[in-house]
Amino acid sequence: MKEQHKPLQQYLAEQAGRIEDALKTAIPANWDVPDKLKDAMMYSIEAGGKRLRPVLVLAAAEAVKGDAQASACALPVACAVEMVHTYSLVHDDLPAMDNDDYRRGKLTNHKVFGEAMAILAGDGLLTHAFYVAAQATRQHGVPAETTLAVIEDLARLAGLPGMVGGQAADVLGEQGVTSAEELRSIHLRKTSALISFSLVAGGRIGGADDRQLDALSLFGRNIGLAFQIQDDILDLIGDEQKLGKKVQSDLRQNKVTYPYLLGMDESRKEMARLTAEAKEALARAGLADPGRLLEIADYLMGRDR
Ligand SMILES: CC(C)=CCC/C(C)=C/COP(=O)(O)OP(=O)(O)O
Ligand SMILES: C=C(C)CCOP(=O)(O)OP(=O)(O)O
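Here's what I pulled together on the structure shown here.

Parameters and conventions
- Residues numbered from 1 in each chain as written.
- Chains lettered and ligands numbered in written order.
- Predicted model: local features only at pLDDT ≥ 70, side-chain atom pairs only at ≥ 80, totals over all residues.
- Heavy atoms only, no water.
- Core = buried A, V, L, I, M, F, W, Y, C linked by side-chain atoms within 4.5 Å.
- Buried < 20%, exposed > 50% of the residue type's maximum accessible area, 1.4 Å probe, protein only.
- Helix = DSSP H or I, 4+ residues; strand = E, 2+ residues; numbered from the N terminus.
- Contact = heavy atoms within 4.5 Å.
- Axes fitted to C-alpha atoms, helices over the stretch in contact; angles between N-to-C directions.
- Parallel < 35°, antiparallel > 145°, perpendicular 65-115°, else oblique.
- Left-handed = near helix turned anticlockwise from the far one by under 90°.
- Nonpolar A, V, L, I, M, F, W, Y, C, P; charged D, E, K, R; others polar.
- Near = heavy atom within 4 Å.
- Polar contact = N/O pair within 3.5 Å; in protein donor to acceptor, adjacent residues only side chain to side chain.
- Areas by Shrake-Rupley, 256 points an atom, 1.4 Å probe, with all protein chains shown as cover.
- Patch = residues over 30% accessible without salt bridge, like charges linked within 9 Å, V, L, I, M, F, W, Y side chains within 5 Å.
- Salt bridge = Lys/Arg side-chain N within 4 Å of Asp/Glu carboxyl O.

1. Description of the nonpolar core
Then step 1. Core analysis: the largest hydrophobic core is formed by 71 residues, its most contacted members being Leu 199, Ile 223, Leu 293 and Ile 296.
Then step 2. Residue contributions to this core peak at 10 residues, all from helix H3 (residues 52-65).
Then step 3. Sequence-distant contacts of Leu 293, defined by excluding residues within four places in its chain, comprise Leu 56, Ala 59, Ala 60, Ala 63, Leu 199, Leu 216, Phe 219, Leu 282 and Leu 287.
Then step 4. Judged by nonpolar contacts, the second largest core, of 13 residues, contains Val 177, Leu 183, Ile 186 and Leu 188.

Right, here's the structure in full:
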């Protein structure tokens, strides 16, 4: 039976398992690092989460090649994006930002390790991610040119015109956002950029051409926006146990969200529209096997955590 034909839940669980195994050994054991810092970093990494972004790296590499084995050399980059994402959550939860107490079903990093160590754990995850990404070439034979392009994309899309810039716009805008256009611009940077990165990085490692990379990027932008709208909806009506974080956090902070601006029905319609547009772009890209990515797009729309 071809790998692609496994049920989606089994596929997601197996990919998450591969990523989690690799993350366990991401910090070289012979480095002189304070135990407390390592513990704080690994606490948030091992707390779980859906591992969406790293799974997208692996799934995109497989989709381009049409081969389930194609993702082995993408594993370092998958780990790197999960480290960047986890740092962003650790910092997002800090008292100076969202001031949240629970994340991934556990107390937030600063609640357990204190604010100074949580900030440093985030810093450690972010910087170490680039070391880990470089291992795609060092240990897995990915051409240096490809890894360079991936690292450049990561610095850009997790950085100033991407996630960091988007988070800054979010913090600065907070109650002042009045249009869906403004909100879309924030979400594109804060959330979509890293999701789009994941797909393009997997595509690059799988050997995608420019047209396919553009399609993967557009697919990522749109499912990223849909993902953030669903996150905002779940913040209003989701189940705390399943989500592993407190609901109504946006309301407590008076955050302007899609459901707040457009209402629940319009938000759901927008999600469906974005997902359909994403799938169309991908289906036209001539990937060897886009099926799994198309399936993930549908799954994300119906997710409850
Ligand atoms: C540079 C930094 C710190 C970036 C954070 C980016 C980010 C997507 C945070 C979570 O968003 P959210 O607050 O909408 O989600 P949640 O509901 O999970 O807190
Ligand atoms: C961008 C958003 C909405 C922050 C949470 O991301 P995830 O919902 O992917 O968080 P984890 O599963 O990784 O914990």
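2. A few points about the packing of H3 against helix H4 (residues 75-92)
Then step 1. As a packed pair, H3 and H4 sit with axes 8 Å apart at the nearest point and diverge in direction by 160°. Between H3 and H4, the angle falls in the class roughly antiparallel. Crossing geometry of H3 relative to H4 is assigned as right-handed. The residues of H4 that touch H3, namely those facing Arg 53, Pro 54, Val 57 and Leu 58, are Leu 75, Val 77, Ala 78, Val 81, Glu 82 and His 85.
Then step 2. Partitioned by chemical class, the residues of the contact of H3 with H4 number seven nonpolar, one polar and two charged.

3. So, the site of ligand 2
Then step 1. In the region of ligand 2, the neighbouring residues are Gly 49, Lys 50, Arg 53, His 85, Leu 89, Arg 104, Thr 191, Phe 227, Gln 228 and Asp 231.
Then step 2. Contacts to ligand 2 include Arg 53, whose side-chain N or O atom sits 2.8 Å from an oxygen atom.
Then step 3. Protein chains shield 89% of the accessible area of ligand 2, which is 390 Å² for the free molecule.
Then step 4. For the shell around ligand 2, the element with the highest residue contribution is helix H10 (residues 210-237), accounting for three residues.

4. Section: the site of ligand 1
Then step 1. The environment of ligand 1 is made up of 14 residues, and the closest members are Asp 92, Asp 98, Arg 103, Lys 190 and Lys 245.
Then step 2. Residue Arg 103 places a side-chain N or O atom 2.7 Å away from an oxygen atom belonging to ligand 1.
Then step 3. The contact in question runs from an oxygen atom of ligand 1 to an N or O atom on the side chain of Asp 231, over 3.3 Å.
Then step 4. In the complex, the protein chains occlude 91% of the 520 Å² of accessible area that ligand 1 would expose alone.

5. Things to note about the side chain of Ser 196
Then step 1. Among the secondary structure elements, Ser 196 is positioned in helix H9 (residues 180-206).
Then step 2. When its relative accessible area of 5% is taken as the criterion, Ser 196 is described as buried.
Then step 3. When neighbours within four sequence positions are excluded, Ser 196 is seen to be in contact with Ser 217, Gly 220 and Arg 221.

6. Considerations on helix H8 (residues 163-173)
Then step 1. Where H8 is concerned, the buried positions are Met 163, Gly 165, Gly 166, Gln 167, Ala 169, Asp 170 and Gly 173.
Then step 2. Buried residues along H8 sit against H4, helix H7 (144-157) and H9.

7. Observations concerning a nonpolar patch on the surface
Then step 1. Together, Tyr 102, Leu 107 and Val 112 make up a nonpolar patch on the protein surface, roughly 230 Å² of accessible area in all.
Then step 2. Mapped onto the elements of the fold, Leu 107 is located in strand S2 (residues 106-107).
Then step 3. Exposure remark for Leu 107: the relative accessible area of 35% places this residue in the partly exposed category.

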